[in-house]
Amino acid sequence: MANAGRTLVLVLILAGVVAYAYLRNDPLPDCADAALTQTVVNGMKNRTKEIFGRELASQVGMSLVNIRQRSADSRAGTVICAADLTIKLADVSQNRPITYTVSRTSKRGEYYVESKGE
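Residues numbered from 1 in each chain as written. Predicted model: local features only at pLDDT ≥ 70, side-chain atom pairs only at ≥ 80, totals over all residues. Heavy atoms only, no water.

1. Quick notes on the overall build of the protein chain
Within the protein chain, the secondary structure is distributed over three helices and four strands. The N-to-C order of helical and strand elements in the protein chain reads α-α-α-β-β-β-β. Per-residue burial over the protein chain gives 23% buried out of 118 residues. Once local pairs closer than 6 in sequence are excluded, the contacts in the protein chain between residues at least 24 apart make up 43%. Accessible surface, the protein chain as shown: approximately 8200 Å² in total, 55% of it carbon and sulfur. (Helix = DSSP H or I, 4+ residues; strand = E, 2+ residues; numbered from the N terminus. Buried < 20%, exposed > 50% of the residue type's maximum accessible area, 1.4 Å probe, protein only. Contact = heavy atoms within 4.5 Å. Areas by Shrake-Rupley, 256 points an atom, 1.4 Å probe, with all protein chains shown as cover.)

In structure tokens form, the structure reads like this:
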């Protein structure tokens, strides 16, 4: 019975190591990934609604251009990206610099995204 207990403990430790390696090998997304950039734009649109109200915000178009990677740390699971946020209202268009940080979460394939204007 003692051997069975030791075997179970070893199996659990091995399972933990494999799970950790599996999560750590989750590749970080590219800064220009379509789902990632849409998440950033949606966050900015939601912030616009909070500040200016739904009616005005619905008239504002937004997109990311000049997307680039500033840094990546695969051990920490983070990527720092920069881009220009194009804001368009009627016939007026303006680009504003923005940075966004992508962090790996404990759930494989899911990331936490934090964005801010400069």
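2. Focus: the pairing of strand E2 (residues 78–89)
Across eleven bridges, strand E1 (residues 60–73) lies against E2 in antiparallel orientation. Residue pairing in the sheet places Leu64 in a bridge with Leu85 of E2. Remark: four residues form the turn of the hairpin made by E1 and E2, two consecutive strands paired antiparallel; Gly77 in that turn has positive phi of roughly 75 degrees. By the bridge criterion, twelve bridges tie E2 to strand E3 (residues 92–104) in an arrangement that is antiparallel. Bridge assignment links Cys81 to a residue of E3, and that residue is Tyr100. The hairpin turn running from E2 into E3, its antiparallel successor, is two residues long, and Ala90 in that turn takes a positive phi close to 60 degrees. (Pairing = 2+ DSSP bridges.)

3. A few points about the state of the cysteines
Applying the stated criterion across every chain yields a total of one disulfide. With its sulfur 2.0 Å from that of its partner, Cys31 forms a disulfide with Cys81. When the S-S torsion is -80 degrees, as for the bridge of Cys31 with Cys81, the disulfide is left-handed. Of this pair, Cys31 sits in the loop between helix H1 (2–24) and helix H2 (34–52) while Cys81 sits in strand E2, placing them 50 residues apart in sequence. We note that Cys31, like Cys81, is buried. (Disulfide = S-S within 2.5 Å.)

4. Notes on the layout of surface pockets
Put simply, the largest pocket is a space of about 400 Å³. At five residues, H2 tops the list of elements feeding residues into the lining of the largest pocket. Considering only residue class, the lining of the largest pocket consists of ten nonpolar, three polar and two charged. (1 Å grid on protein atoms, 1.4 Å probe; cavity = no way out; pocket = protein on both sides within 12 Å on 5 of 7 lines; lining within 4 Å. Points joined across faces, edges and corners; volume = space filled by probe spheres on them. Nonpolar A, V, L, I, M, F, W, Y, C, P; charged D, E, K, R; others polar.)

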